[in-house]
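Here is what each chain is made of, one letter per residue.
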Amino acid sequence: MFTTLISAIAFGVVLASVIAIASMGFTIQFGLTNMLNLSYGGVMTASAFVAYLLVSHGVSAWYGLIVGGLAGSLMTLVLGRFVLRPYARRGAKLFEMMMVTLGLALVLDYGLQALSHDNIYQFTVLQSSPIHLGPIVITPTQVILAGLGLVVFVGLELLLRLTRIGKALRATAAEPTLARSCGIRTGRVVIVTWLLSGFLCGLAGVVYIINSQSVGYSTGELFLPLVIAAALLGGAGSPKGAVVSALLMGIVTQVVAAFGQPAYSTVAGFAVLVIVLLARPGVVAGSQGAEAQVTL
Amino acid sequence: MGAWEFYITTLVVYFAIDVLSAFSLNLQFGFGGIINLSFIVFQAIGAYVAAAVTLGPDTGQNAFQTYIWGASLPFPLPLVLATVAGAALSLVVGLFGLRRMRKDYQAAVLLIVSLIAWEVAKSDVHLFNGSNGVTGIGRPLGTTLPLSSLGYQWVYVVWTLAICIAVYALVRWLSSSPWGRALRAMRDQEDATISLGINVTALRLQVFVIGGAIAGLSGGLLVEYIGAWSPGAWGYAETFVVFTAMFVGGIRNYKGVILGTLLVPIIFLELPRFLPPIGYPGLIDSVEWIVIGLMWMGSLYWRPQGLLPEKRNMVFPGEFGSVTGGGSKAGFSLASLLRKGQG
Amino acid sequence: MVAELIESEDLKNIVTSPETNPAASKIMLTARDVVVSYGGVAAVDGVSFEVRAGEALGLIGPNGAGKSSMLAALGGQAKVGKGSIVLDGHEISHLAAYKRARLGLVRTFQTTSEFSDMTTFENLVTAGNGYLGARLSSVVFHHRLNSKADKQIAVRAWEMLERFDMTEKANTYGRELSGGQRRLVEIMRCLMASPKVLLLDEPMVGVAPHLVEKLVGDLKSIRDEGIAIVIVEHALEVVRALSDKVVVMSFGKKIADATYDEIVHDQAVQDAYLG
Ligand SMILES: Nc1ncnc2c1ncn2[C@@H]1O[C@H](COP(=O)(O)OP(=O)(O)OP(=O)(O)O)[C@@H](O)[C@H]1O
Ligand SMILES: [Mg+2]
């Protein structure tokens with residue numbers, strides 16, 4: 001009983017690292033655009049497949065991580081520039097943008113389904129013999145993945161706080177119009193945001209499949225609610241918030257999985273998102289400025 | 001010939017059921033502005049309930065499936081219960097999911113409701129037999145009617161079309177009533193609608209429940225026809241098909257909605273069955289979904305009025321008969337009124 | 001049959017306006033020490049005033065003074081932190097917005113809020129139906145009554161269009177109207193709802209100059225019909241022409257409450273405006 005709990009928490013921390021990387025990416029994007037980008041999961045899966053292909057051709061999984069991240073950057077930038085921005089230019093409201101990203105998610109997912117022949121592929125790289133830490137049985141890879149989450153978090157915080165572009169990014173997320181009138185070139189900030197957020201998205205995709213040891217077309221989509229929940233719970237644009245709530249989400253879902261049916265861990269994750277969405281007042285529909293248009 | 005007749009009648013039944021779905025969503029989204037991304041759940045609950053109250057008690061003889069309830073109710077009752085179940089579930093979902101909030105958050109909540117319901121139904125075998133679903137549901141009056149299977153097909157065609165027409169009359173009447181106008185007002189400008197004294201929370205819940213009832217009914221009709229129901233039939237993406245049909249045909253125009261249903265779920269999704277198999281077995285399916293996604297995005301981009309745009313409710317000086325949009329020409333003019341007043 | 005019904009009492013009541021109210025009429029709306037805060041910052045900080053039936057109150061102040069927030073407190077769009085609001089004898093500060101509207105408090109918004117996918121005529125008819133007509137139960141159970149009422153409302157809506165010279169735009173969707181026309185639609189819609197108190201947030205923004213004059217005249221006649229008006233407006237000539245008294249806000253506080261002529265000479269007010 002107690003051991004189950006302890007090891008569930010340990011697995012939760014590993015999962016939390018994956019969620020955290022993904023939701024840090026999501027939150028900087030969401031902080032800037034205020035838009036629920038539901039195609040994020042599709043990009044995650046696509047990047048994971050890129051890494052899978054590389055690794056299955058003999059490339060080291062470590063390069064896979066980097067290339068997966070770059071693939072995520074590229075896809076996010078292209079989709080943001082050439083798919084999402086035209087809608088924003090047409091004055092799409094926030095909810096319309098969400099619907100667009102939903103359609104995009106459908107296209108990405110089923111595109112991947114077609115390309116992957118609807119199969120689930122084993123991805124057993126970086127697996128090594130487990131180590132025993134008291135009641136916890138954990139692999140060195142999992143420890144490394146948990147550490148990676150921490151590294152990404154620290155790196156992102158430093159980037160946002162110390163570099164010019166990071167400061168511009170934070171300013172734009174907080175007050176887009178004000179930032180523009182202060183001479184920040186928001187266009188460039190948007191591009192950097194897409195790249196950065198896409199990198200984290202792709203990276204998270206690869207980390208996710210290293211941890212779960214398999215990849216299929218719906219990998220990212222099932223994981224996305226957890227990511228969004230962590231991002232919203234932590235507050236838009238706050239990596240620290242995303243990490244803390246990712247820890248919460250990771251542990252909750254793993255504990256539910258350990259004590260209930262495994263399927264209910266997914267449900268628990270979904271339920272947390274529903275609660276977060278309902279509890280966050282956000283901007284109320286219909287009131288002034290609520291149907292605000294997106295800055296892209 | 002017989003095979004063709006069978007196929008065509010089957011398509012007509014599907015068409016009628018899809019039109020019901022589109023009516024439901026058109027009322028909720030087209031008029032009420034609710035982005036109901038969990039639509040398919042309400043169809044599914046209708047189907048499951050109709051199945052469970054038709055199948056009879058779970059005796060264990062059908063050892064391969066387990067389900068709750070298990071009654072064998074006579075003909076119209078399963079459908080009635082399916083409708084009630086659709087309404088009841090929408091009431092529950094609506095009570096927590098339709099509170100005033102950002103529209104995109106609301107849509108996301110409903111989408112996740114769809115995912116949760118699906119996961120639960122799939123993994124809990126005690127509800128409706130988990131991912132294998134329920135099968136062997138008898139057709140209504142299937143044994144009492146002295147009919148060949150083709151004859152029965154035609155009876156079912158008439159039956160579903162009759163229901164479809166009745167629901168059409170209902171939704172059309174509702175949407176052209178002052179209540180329907182209040183719905184449109186709420187969709188356009190919620191704050192202004194509230195400041196007319198209209199309780200939008202109640203209004204939204206009402207249209208959600210009515211739509212849910214129609215969805216439940218459509219599910220019941222579907223399961224009584226195909227005789228089986230499982231999570232494979234109601235993935236969250238099925239909701240997009242109905243939305244896309246509405247967008248393509250013309251939202252808020254009933255003829256458009258019907259046309260869109262004919263084009264998207266029937267012609268576009270059924271025709272590929274005649275294509276020779278291409279690639280791996282599931283390829284056509286995947287491509288269909290990709291195209292649905294593209295159509296969905298395209299219609300959001302070009303914001304088309306659809307093939308048949310919504311009709312403007314015109315009024316002319318001295319003629320107010322068509323205010324309600326019902327198209328009734330029983331107008332009268334202010335001028336004639338005043339003349340009478342003088343005389 | 002229908003025509004006979006319409007021709008009877010109801011129509012006559014609509015056509016002839018009610019007798020104008022005397023100046024010293026009853027108090028319709030009282031705000032006392034109203035506080036509205038957003039996340040700890042008070043946008044409205046203890047503002048009080050009262051408006052009588054047949055009286056117009058101008059609410060002015062520099063940008064960000066809290067005027068719209070004050071209207072939101074009155075209308076129920078913003079939570080009233082402290083203080084009380086009494087509408088025609090009812091304490092309403094904790095009532096939901098739609099319930100306040102049912103008591104006769106109708107408003108426009110700073111951003112135009114016409115029903116964009118409905119025609120002008122439908123905009124008006126929706127307001128005329130109000131909440132009673134829009135009830136599902138009345139649609140279902142009193143269908144015939146309802147359709148009769150609908151026709152009466154249609155007649156009123158047409159009269160409203162004639163009054164504001166908008167008959168040509170009867171079949172135009174809200175989204176197709178110009179900014180000024182949208183404001184007009186909003187005001188007509190408010191009038192269709194037969195208000196006791198009318199709250200207007202910058203109703204003249206975007207309205208063509210020649211229409212402003214006409215609109216002021218119309219608002220005056222509405223006021224003289226016994227409706228209490230609270231108007232937030234940056235165009236001071238409108239405030240002067242219309243308002244019986246003026247409340248000035250600055251940084252959430254009321255800094256003056258007097259007639260227009262007294263206000264313009266008030267030192268505190270000039271300071272507030274000049275910053
Ligand atoms: N929903 C809100 N959340 C947070 N702050 C708000 C909100 N609405 C208004 N404020 C703030 O409250 C203060 C008062 O705003 P309000 O809109 O009431 O001013 P106003 O007098 O109507 O200004 P204007 O003349 O520009 O319309 C402003 O500082 C504004 O930034
Ligand atoms: Mg204002």
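Residues numbered from 1 in each chain as written. Chains lettered and ligands numbered in written order. Predicted model: local features only at pLDDT ≥ 70, side-chain atom pairs only at ≥ 80, totals over all residues. Heavy atoms only, no water.

(A) Geometry of the overall build of chain C. Looking only at helices and strands, chain C features 12 helices and 10 strands. Expressed along its principal axes, the backbone C-alpha trace of chain C runs to roughly 65 × 40 × 40 Å. Nonlocal contacts in chain C, meaning residues at least 24 apart in sequence, comprise 68% of its contacts between residues at least 6 apart. Approximately 11700 Å² of chain C is accessible, and the part contributed by carbon and sulfur atoms is 52%. (Helix = DSSP H or I, 4+ residues; strand = E, 2+ residues; numbered from the N terminus. Contact = heavy atoms within 4.5 Å. Areas by Shrake-Rupley, 256 points an atom, 1.4 Å probe, with all protein chains shown as cover.)

(B) Local environment of the sheet that holds strand β5 (residues 90-91) of chain C. All names here are of chain C. As summarised here, the arrangement of the 4 strands in space is β2-β1-β4-β5, forming an open sheet in which the pairing is antiparallel. Strands at the two margins of the open sheet, each flanked by one partner only, are β2 (41-52) and β5. Bridge count between strand β1 (residues 27-38) and strand β4 (residues 82-87): 5 bridges; the pairing is antiparallel. What sits directly across from V35, in β4, is K82. Running over the sheet, helix α3 (residues 67-75) touches β1, β2 and β4 and is turned about 115° from β1. (Pairing = 2+ DSSP bridges. Axes fitted to C-alpha atoms, helices over the stretch in contact; angles between N-to-C directions.)

(C) Highlighting the packing of helix α7 (residues 143-163) of chain C against helix α8 (residues 179-192) of chain C. Residues and elements named next belong to chain C. At a minimum axis distance of 11 Å, the contact between α7 and α8 shows a crossing angle of 140°. When the axes of α7 and α8 are compared, the pair comes out oblique. Taken as a pair, α7 and α8 cross one another with a handedness that is right-handed. Here I153, R156, A157, M160 and L161 of α7 lie close against α8, whose contacting residues are M188, L191 and M192. (Parallel < 35°, antiparallel > 145°, perpendicular 65-115°, else oblique. Left-handed = near helix turned anticlockwise from the far one by under 90°.)

(D) Quick peek at the interface of chain A and chain B. Contact residues are listed per partner, giving 51 residues for chain A and 45 residues for chain B. For the pairing of chain A and chain B, the buried interface totals around 4200 Å² over both sides, and the portion due to carbon and sulfur atoms is 71%. Its largest share of buried area at the contact with chain B, chain A owes to M99, L106 and L278 of chain A, together 15% of the area lost on that side. Counting every contact that joins chain A to chain B gives 0 salt bridges. At the boundary of chain A and chain B, one finds 7 residue pairs in polar contact (both at pLDDT 80 or more). For the side of chain A that touches chain B, the secondary structure elements donating two or more residues are α3 (61-89), α4 (94-115), α9 (219-234) and α11 (263-279) of chain A. Ranked by residue count, the leading element in the side of chain A that touches chain B is α4 of chain A, at 16 residues. Residues of the side of chain A that touches chain B, tallied by class, amount to 33 nonpolar, 11 polar and 7 charged. (Buried area = accessible area lost by both parts, 1.4 Å probe. Salt bridge = Lys/Arg side-chain N within 4 Å of Asp/Glu carboxyl O. Polar contact = N/O pair within 3.5 Å; in protein donor to acceptor, adjacent residues only side chain to side chain. Nonpolar A, V, L, I, M, F, W, Y, C, P; charged D, E, K, R; others polar.)

(E) Broad picture of α8 of chain C. Given a rise of 1.5 Å per residue, 14 residues ought to cover 20 Å, and the 20 Å separating the end C-alpha atoms of α8 of chain C matches this to within 8%. Among the residues of α8 of chain C, those classed as buried are G180, Q181, R183, L184, V185, E186, I187, M188, R189, C190, L191 and M192 of chain C. Tucked inside the fold, the buried residues of α8 of chain C contact α8 (190-194) of chain B together with β6 (105-107), α5 (120-133), α7, β7 (197-201) and α9 (209-224) of chain C. S194 of chain C, located one to two residues past α8 of chain C, shows a positive phi value of around 45°. (Expected span 1.5 Å × (residues − 1). Buried < 20%, exposed > 50% of the residue type's maximum accessible area, 1.4 Å probe, protein only.)

(F) Representation of the coordination of the magnesium ion (ligand 2). All names here are of chain C. At 1.9 to 2.1 Å from the magnesium ion (ligand 2) lie its protein donor atoms, namely S68 (OG) and Q110 (OE1). Here S68, found in helix α3, pairs with Q110, found in the loop between β6 and α5; they are 42 residues apart in sequence, far enough to count as distant. When its relative accessible area of 25% is taken as the criterion, S68 is described as partly exposed. The exposure class assigned to Q110 is partly exposed, which follows from its relative accessible area of 29%. (Donors = N, O, S within 2.8 Å, 3.2 Å for Na, K, Ca; no water.)

(G) Region of the structure containing the packing of aromatic side chains. Under the definition given, this model contains 30 aromatic pairs over all chains. A cation over a ring is seen here: R139 of chain B above Y225 of chain B, with NZ or CZ 4.7 Å from the ring centre. Residue placement shows R189 of chain C over the ring face of F115 of chain C; its charged tip is 4.2 Å from the ring centre. (Phe/Tyr/Trp six-rings, centres within 6.5 Å; stacked < 30°, edge-to-face > 60°. Lys NZ or Arg CZ within 6 Å of the ring centre and 35° of its normal.)

(H) Seen up close, the sheet that holds β7 of chain C. Residues and elements named next belong to chain C. Here we have 6 strands laid out as an open sheet, ordered β6-β7-β8-β3-β9-β10, and mixed in their pairing. For this open sheet the edge positions go to β6 and β10 (253-258), each flanked by a neighbour on one side alone. Across the sheet, the mean angle separating the axes of adjacent strands is 20° when strand polarity is ignored. Against the sheet, α8 touches β6 and β7, its axis set at about 165° to β7.

(I) Up close: the confidence of the model for chain A. All names here are of chain A. In the predicted model, chain A carries a mean pLDDT of 86, and the fraction of residues at 70 or more is 94%. By mean pLDDT, the top-scoring element of chain A is helix α2 (residues 40-56) (95), and the lowest-scoring one is helix α7 (residues 176-181) (70). The low-confidence segment residues 283-290, where pLDDT is below 50, has 26 contacts with residues more than four positions distant or belonging to other chains. (pLDDT = per-residue confidence, 0-100.)

(J) Geometry of the site of ligand 1. Residue and element names in this part refer to chain C. Looking at ligand 1, the residues that line it are Y38, A43, N63, G64, A65, G66, K67, S68, S69, Q110, E202 and H234. Between an oxygen atom of ligand 1 and a side-chain N or O atom of N63, the distance comes to 2.9 Å. Within the side chain of S68, an N or O atom sits 2.7 Å from an oxygen atom of ligand 1. With 3 residues, the top contributor of residues to the shell around ligand 1 is α3. For the shell around ligand 1, a count of residues per class yields 3 nonpolar, 7 polar and 2 charged. (Near = heavy atom within 4 Å.)

(K) Up close: the pattern of salt bridges. Going through the model one piece at a time under the given rule, you end up with 24 salt bridges over all chains. Across the pair R184 of chain B and E310 of chain B runs a salt bridge whose closest N-O atoms are separated by 4.0 Å. Taken as a pair, R184 of chain B in helix α7 (residues 178-188) and E310 of chain B in the loop between α12 (283-302) and α13 (334-342) lie far apart in primary sequence, 126 residues in all. The buried category is assigned to R184 of chain B, whose relative accessible area is 5%. Between E55 of chain C and K245 of chain C there is a salt bridge whose closest N-O contact spans 4.0 Å. Taken together, the residues span a long stretch of sequence, with E55 of chain C in the loop between β2 and β3 (56-60) and K245 of chain C in strand β9 (residues 245-250) at a distance of 190 residues.

(L) Just the confidence of the model for chain C, in detail. Residues and elements named next belong to chain C. Summary statistics for chain C give a mean pLDDT of 85 and a share of 91% for residues scoring 70 or more. Predicted confidence for residues 1-22 stays below pLDDT 50, and this span has 25 contacts to residues more than four positions away or in other chains. For this predicted complex, the interface confidence score (ipTM) comes to 0.90, while the overall pTM stands at 0.90.

(M) Here's a closer look at empty space enclosed by the protein. Residues and elements named next belong to chain A. Tallied over the entire structure, the rule returns 6 cavities of 30 Å³ or more. When its volume is computed, the largest cavity comes out at roughly 60 Å³. Elements supplying a minimum of two residues to the lining of the largest cavity: α2, α3 and α8 (186-212). (1 Å grid on protein atoms, 1.4 Å probe; cavity = no way out; pocket = protein on both sides within 12 Å on 5 of 7 lines; lining within 4 Å. Points joined across faces, edges and corners; volume = space filled by probe spheres on them.)

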